[in-house]
Amino acid sequence: MGRMSSILLPVSNRYNKKTQNERYQFRRQVRNLIKWYSYISQILRMFDKELQKEYVFCSYLIGLLPKDPVELIDLEDKLKLEYYKLQKTFQGEITLDEAKTVYVPAKHKGVKGMDEKTPLDEVIAKINEKFKGNFTEGIRLFCQC
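The model shown is predicted, which means the values in this text are computed figures rather than measured ones.

Asker: Provide a residue-level description of the overall build of the protein chain, including the pertinent values.
Answerer: For the protein chain, the count of helices and strands is four helices and two strands. Reading the secondary structure of the protein chain in the N-to-C direction produces α-α-α-β-α-β. Buried positions account for 10% of the 145 residues belonging to the protein chain. Taking contacts inside the protein chain between residues at least 6 apart in sequence as the whole, the part at least 24 apart equals 83%. Carbon and sulfur atoms make up 55% of the accessible area of the protein chain, which totals about 13300 Å².

Pasting the structure below:
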């Protein structure tokens, strides 16, 4: 493993000099190469030695590349739940109606890239994750920023 690390170290150093978006795109492309080569090589035999070498190289490289740091948001002193009310809105079975419809496939397909999330989106996601339920008008949240 020592020899492989010495080969991958210059690549890792060049990777660290890139912008955050360039690093993200590179990691995404390397993961895709590993995933698809692994999948295809299970289905049919590959006779391309150079592609096999690139697959092995990328498999080691992806484990060595550092991920971009994620900034954690601490909500402990900034958020106070004043009132929370759970309310039963339905009891019984859910039945499906038989309807004759035509399936329409999605028109826009493709990969978007990095999600553009604002800090407010992350805060809302954390609140919804922590306090599951049906929030009503009775909830009041105070932000001490």
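The discussion continues.
Asker: So what's going on with the environment of Tyr60? Residues and values would help.
Answerer: Locating Tyr60 in the fold gives a position in helix H3 (residues 49–64). Each C-alpha atom, one on Tyr60 and one on Leu8, is 8.1 Å from the other, the two residues being 52 residues apart in sequence.

Asker: Account for a nonpolar patch on the surface, with residues named and values stated.
Answerer: A contiguous nonpolar patch, built from Trp36, Tyr39, Ile40, Ile43 and Leu44 and spanning about 520 Å² of accessible area, is present on the exposed surface. By secondary structure assignment, the location of Ile40 is in helix H2 (residues 20–43).

Asker: Explain the packing of aromatic side chains to me, and be specific about the residues and the numbers.
Answerer: This structure, assessed with the given rule, holds three aromatic pairs. For the ring pair Tyr37 and Tyr55, a centre distance of 4.7 Å and an interplane angle of 35° mean the geometry is tilted. On the criterion of sequence distance, the pair formed by Tyr37 in helix H2 and Tyr55 in helix H3 is long-range, its members being 18 residues apart. Exposure remark for Tyr37: the relative accessible area of 8% places this residue in the buried category.

Asker: Can you break down the environment of Asn16 residue by residue, with the values?
Answerer: Among the secondary structure elements, Asn16 is positioned in helix H1 (residues 2–16). Sequence-wise, Asn16 and Lys67 are 51 residues apart; in three dimensions their C-alpha atoms are separated by 9.8 Å. For Asn16, the residues in contact, after removing those within four places along its chain, are Arg23 and Pro66.

Asker: Pulling in residues and values, what's your account of the side chain of Ser12?
Answerer: Tracing the backbone through its elements, the reader meets Ser12 in helix H1. Excluding anything up to four places from it in sequence, Ser12 contacts Leu64, Leu65 and Pro66.

Asker: Go over the side chain of Arg23, please, and point to the residues and values.
Answerer: Tracing the backbone through its elements, the reader meets Arg23 in helix H2. Under the relative-accessibility criterion, Arg23 is labelled buried at 15%. When sequence neighbours within four positions are dropped, the list of residues in contact with Arg23 reads Tyr15, Asn16, Lys18 and Asp68.

Asker: Could you give me a rundown of the packing of H2 against H3, with the residues and numbers involved?
Answerer: Running from N to C, H2 and H3 point in directions that differ by 130°, and their axes come no closer than 9 Å. Taken together, H2 and H3 sit at an angle that is classed as oblique. Helix-helix and strand crossings are classified by hand; for H2 and H3 the assignment is left-handed. In this structure, H2 uses Phe26, Arg27, Val30, Arg31, Leu33, Ile34, Tyr37 and Ser38 to contact H3, whose residues at the interface are Leu51, Gln52, Glu54, Tyr55, Cys58, Ser59, Leu61 and Ile62. Partitioned by chemical class, the residues of the contact of H2 with H3 number ten nonpolar, three polar and three charged.

Asker: Summarise the confidence of the model for the protein chain; cite the residues concerned and give the values.
Answerer: For the protein chain, the mean per-residue pLDDT works out to 77, and 81% of the residues sit at or above 70. Looking at the elements of the protein chain, mean pLDDT is at its lowest for strand S2 (residues 141–143), recorded as 45, and at its highest for H2, recorded as 90. Below pLDDT 50 for its whole length, residues 134–145 participates in 25 contacts with residues either more than four positions away or in separate chains.

The rules behind each value
Residues numbered from 1 in each chain as written. Predicted model: local features only at pLDDT ≥ 70, side-chain atom pairs only at ≥ 80, totals over all residues. Heavy atoms only, no water. Helix = DSSP H or I, 4+ residues; strand = E, 2+ residues; numbered from the N terminus. Buried < 20%, exposed > 50% of the residue type's maximum accessible area, 1.4 Å probe, protein only. Contact = heavy atoms within 4.5 Å. Areas by Shrake-Rupley, 256 points an atom, 1.4 Å probe, with all protein chains shown as cover. Patch = residues over 30% accessible without salt bridge, like charges linked within 9 Å, V, L, I, M, F, W, Y side chains within 5 Å. Salt bridge = Lys/Arg side-chain N within 4 Å of Asp/Glu carboxyl O. Phe/Tyr/Trp six-rings, centres within 6.5 Å; stacked < 30°, edge-to-face > 60°. Axes fitted to C-alpha atoms, helices over the stretch in contact; angles between N-to-C directions. Parallel < 35°, antiparallel > 145°, perpendicular 65-115°, else oblique. Left-handed = near helix turned anticlockwise from the far one by under 90°. Nonpolar A, V, L, I, M, F, W, Y, C, P; charged D, E, K, R; others polar. pLDDT = per-residue confidence, 0-100.

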